[in-house]
Amino acid sequence: MSQTISNDYVSMINKSGSGYNIPEIVDAIVDAAIVPVKEIITAQKEKVDLSISGMGTLKSSMSATQTLVNSMSSDSHWTLKNAPNSNYMQSSVVDGSAVVPGVHEIRDISIAHPMIWRMDDGDPTRAVNPQTITIQFGESTSNGNSFSASSPARSSTVSFSNDTLASSVAKLNSISGLKAELVQIDSNSSNYSVILTSETGSTNGFQMTSSAGGYWQTGSAGNGTVTQNSADATVQINDQTYTRASNSISDIIPGLKIKLLTDRTNLQTITVEKSSSNIQKTVETLVADLNAYKSDLNTLGFIDEVGDENGELAHSSFLRNAKRKLTNFMTAPITGFGDKNIYFVDFGIKTAKDGSYVFDQTSFDRTYTNSPEKFDALTEDKAYASDPNVFVYAAADSAVPEGRHTFTDSNDKLSYGTISAKDLTSSSTGSGKFNFRTSDYPGFLFQTSSETPGDLVIYVGRSAKTKLLNFFSDALATAGNLDATVDLYKERASSLDARLTKIDQREALLQAQYTKQFSEMEKVVNTSTSSSDYVTQLVEGW
């Protein structure tokens, strides 16, 4: 009996303190109060951080897609065939929106030449006397002995001081419109020629004079020789003769640049045609770009129904809205290219069952056969009037709505859909032309040859390219919803960080509080050691 009592009671009285691990007890109590709350807030914070990261990814995807769309060009929609070949002349598209299909005849080519002056000299390391060189541009003839300055006058000066032949030539080469170089004449490393070359064109020749006289001068006074005089190019294009200073000419055939390579009198032709294969490549590239963006949206919004691998913007209302806007955009009409609307499906772009975009050859071929002009709406903005003699201008950033407008001559009003009619004012240009415009649409006007041009239909078309660029610009705008949503997420993250800080503070407070309480208890238990000894002796005496 006594043994039982001793085991049951005495063993429970610690002869040297409570015997409990106070730090572990305190940690357990504090964790029970703090950890559940902290885990909830931490999970919320991690979700918000993922959302911020996802918004950054979405923004990058929008920017990347916008850049890819901006690279679309109608220049590639044309094919140019040079006949008999490209050995005498080359052609390229510089503005696809201005190109007109047809055949252009070119003959009687005389190419432009630069002026070339050559002076044989010795070692590039030799010293050159100090002097000031003046280069004046204009028409040089008679081996440099006759010169007529250009109007307006153009001239440059350089100074030689402690220069070598090589450094002197380098200074001359820095003059705009002049190329200066040292050319080795033969295998002897000390035999060089100084060659000065102007730009092409009769008035781009030059006269060189020196303050020291002789040597560095054109004409008989110098030590060099004019080996070629500058000359303009002349060419007959479509039965009209033109003269240009350059062999690259881009202001005669609309949208094309021709490069004259050699003199030739015989007939040459450039055949300009639309290329269905090139247009198809543009459409297929656009499909790929749109699918890449849509794939990013799907990845960010992925909901893992069997695991815990949700996308960074799963359940995000902003992402759902972005998807909805893209869907609405792709089904909206492209207006202003005539009385009939154009849709992306006309280009051969369809939506598959899985939501991705696919190229449909049948739709593409049908449009190209029946209405090939619709493909202009892929990349080219257009503004024109029902009267071909009326010039219409609409800047890319003009507020004028895209679509069909009607102008009423009797009251000078421009009407568009259900929008209230705009009052137009007319002003004379002073050259027999009249501009009609309204302050409601900055960047828009139409020009006529009469102050009473009659009733007109005005068309303003924004291409698929422009509409896509505006679509992403609006989404990426600093004042747009994307940045506003990111700011909200950041505010939420900051708030959660503050709550976590308070929880940490509460944890430290409870840790200190419970540690103090259990330490006080330990002191009380320690004072009971003598009582423990007494009871032990008493029981043993039983």
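**Student:** Just checking my understanding: could you explain the confidence of the model for the protein for this structure?
**Tutor:** Residues with a pLDDT of 70 or more make up 89% of the protein, whose mean pLDDT is 87. Overall, residues 1-15 carries pLDDT values under 50, and its contacts beyond four positions in sequence, including any with other chains, amount to 10 contacts.

**Student:** What is the right way to look at the side chain of H405 in this model?
**Tutor:** Positionally, H405 belongs in strand β22 (residues 403-408). Judged by its relative accessible area of 0%, H405 is buried. In contact with H405, not counting residues within four places along its chain, are V400, L414, S415, Y416, L456, V457, I458 and V460.

**Student:** I would appreciate a short explanation of the packing of helix α5 (residues 317-331) against helix α8 (residues 464-476) in the present structure.
**Tutor:** Think of two packed helices as two axes; the pair is described by the angle between the axes and how far apart they sit. Two elements in contact, α5 and α8, have axes whose closest approach is 12 Å; the angle formed by their N-to-C orientations is 165 degrees. Compared by their axis directions, α5 and α8 come out roughly antiparallel. Note that α5 runs across α8; the crossing there is right-handed. Judged by residue contacts, K325, L326 and F329 of α5 engage K467, L468 and F471 from α8.

**Student:** How should the sheet that holds strand β12 (residues 225-228) be read in this particular structure?
**Tutor:** Picture the strands of a sheet paired through backbone hydrogen bonds; they go either parallel or antiparallel. One open sheet holds the four strands; their spatial order is β9-β10-β4-β12, and the pairing between them is antiparallel. Either end of the sheet is taken by a strand with one partner, and the two such strands are β9 (178-184) and β12. Between one strand and the next, the sheet's axes are offset by a mean angle of 25 degrees, whatever the strand orientation. Direction of pairing for strand β4 (residues 114-121) relative to β12: antiparallel, over a ladder of three bridges. Counterpart to I116 in the pairing with β12 is Q228. Contacts from helix α3 (residues 165-173) reach β4, β9 and β10 (192-200) within the one sheet, and its direction differs from that of β9 by about 155 degrees.

**Student:** Whenever I open this one, unusual backbone geometry confuses me. Can you help?
**Tutor:** In most cases, non-glycine residues show a negative phi, while peptide bonds are predominantly trans. Going from A83 to P84, the amide bond is cis rather than trans, its omega being 10 degrees. Relative to the helices and strands, P84 resides in the loop between β1 (78-83) and β2 (89-93). The amide bond that connects S151 to the next residue, P152, takes the cis arrangement and shows omega of 0 degrees. With respect to the helices and strands, P152 occurs in strand β7 (residues 146-160). Non-glycine residue D239 carries a positive phi angle of around 70 degrees.

**Student:** What is the right way to read the packing of helix α4 (residues 276-300) against α5 from this model?
**Tutor:** It is the contact of α4 with α5, at a shortest axis distance of 10 Å, that shows an interaxial angle of 155 degrees. In terms of orientation, α4 lies roughly antiparallel with respect to α5. Here the hand of the crossing between α4 and α5 comes out left-handed. Judged by residue contacts, L290, Y293, K294, L297, N298 and L300 of α4 engage L319, K323, L326 and M330 from α5. In terms of residue class, the contact of α4 with α5 is built from seven nonpolar, one polar and two charged.

Parameters at a glance
- Residues numbered from 1 in each chain as written.
- Predicted model: local features only at pLDDT ≥ 70, side-chain atom pairs only at ≥ 80, totals over all residues.
- Heavy atoms only, no water.
- pLDDT = per-residue confidence, 0-100.
- Contact = heavy atoms within 4.5 Å.
- Helix = DSSP H or I, 4+ residues; strand = E, 2+ residues; numbered from the N terminus.
- Buried < 20%, exposed > 50% of the residue type's maximum accessible area, 1.4 Å probe, protein only.
- Axes fitted to C-alpha atoms, helices over the stretch in contact; angles between N-to-C directions.
- Parallel < 35°, antiparallel > 145°, perpendicular 65-115°, else oblique.
- Left-handed = near helix turned anticlockwise from the far one by under 90°.
- Pairing = 2+ DSSP bridges.
- Nonpolar A, V, L, I, M, F, W, Y, C, P; charged D, E, K, R; others polar.

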